[in-house]
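The primary structure of each chain is shown beneath.
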Amino acid sequence: MRLGIPERGAFVFYDCICQGPDGPINWGHCGISLGDGRIIHAWDTVRIDDYREIEAMTALSGDRPRTIGWVPIERVLQQKP
């Protein structure tokens with residue numbers, strides 16, 4: 001995983017740990033970079049945000065996502081089923 005401004009087409013990953021009835025659950029979150037730090041993702045609706053602004057969003061539980069990093073699209077496409 002890489003850190004910093006994600007390149008266009010990269011998948012950007014976030015931890016999003018929320019309290020469930022049986023303890024913490026990591027729902028995670030993912031978006032696709034459009035370049036220039038912009039990410040298209042579906043939080044409450046499909047939207048475009050700066051990749052750093054996603055960490056300021058609040059889940060229904062009150063928890064917030066934390067950036068893990070990003071991977072270029074080429075790495076995603078090289079994965080075997």
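Before reading further, recall that the structure is shown in the block above.
First, a word on scope: everything that follows refers to the structure included in this document.

How each quantity is defined
Residues numbered from 1 in each chain as written. Predicted model: local features only at pLDDT ≥ 70, side-chain atom pairs only at ≥ 80, totals over all residues. Heavy atoms only, no water. Phe/Tyr/Trp six-rings, centres within 6.5 Å; stacked < 30°, edge-to-face > 60°. Buried < 20%, exposed > 50% of the residue type's maximum accessible area, 1.4 Å probe, protein only. Salt bridge = Lys/Arg side-chain N within 4 Å of Asp/Glu carboxyl O.

### Some points on the packing of aromatic side chains
To describe a pair of aromatic rings, one takes the distance between the centres and the angle between the planes. Taken as a whole, this structure holds 1 aromatic pair when the rule is applied. Relative to Phe13, the ring of Phe11 has its centre 6.5 Å away and its plane inclined at 25 degrees; by these criteria the two rings are stacked. Residue Phe11 is classed as partly exposed on the basis of its relative accessible area of 22%.

### What to know about the pattern of salt bridges
Overall, the coordinates contain 5 salt bridges when judged by the stated rule. Here Asp49 ties to Arg47 by a salt bridge, and the two come within 2.7 Å at their closest N and O atoms. Residue Asp49 is classed as buried on the basis of its relative accessible area, which comes to 11%. By relative accessible area, which is 28% here, Arg47 ends up partly exposed. Among the salt bridges present, the one from Arg52 reaches Asp50, with a minimum N-O distance of 2.9 Å. On the basis of relative accessible area, Asp50 is assigned to the buried category, the value being 17%. Each of Asp44, Arg47 and Asp49 takes part in a single network of salt bridges with overlapping partners.

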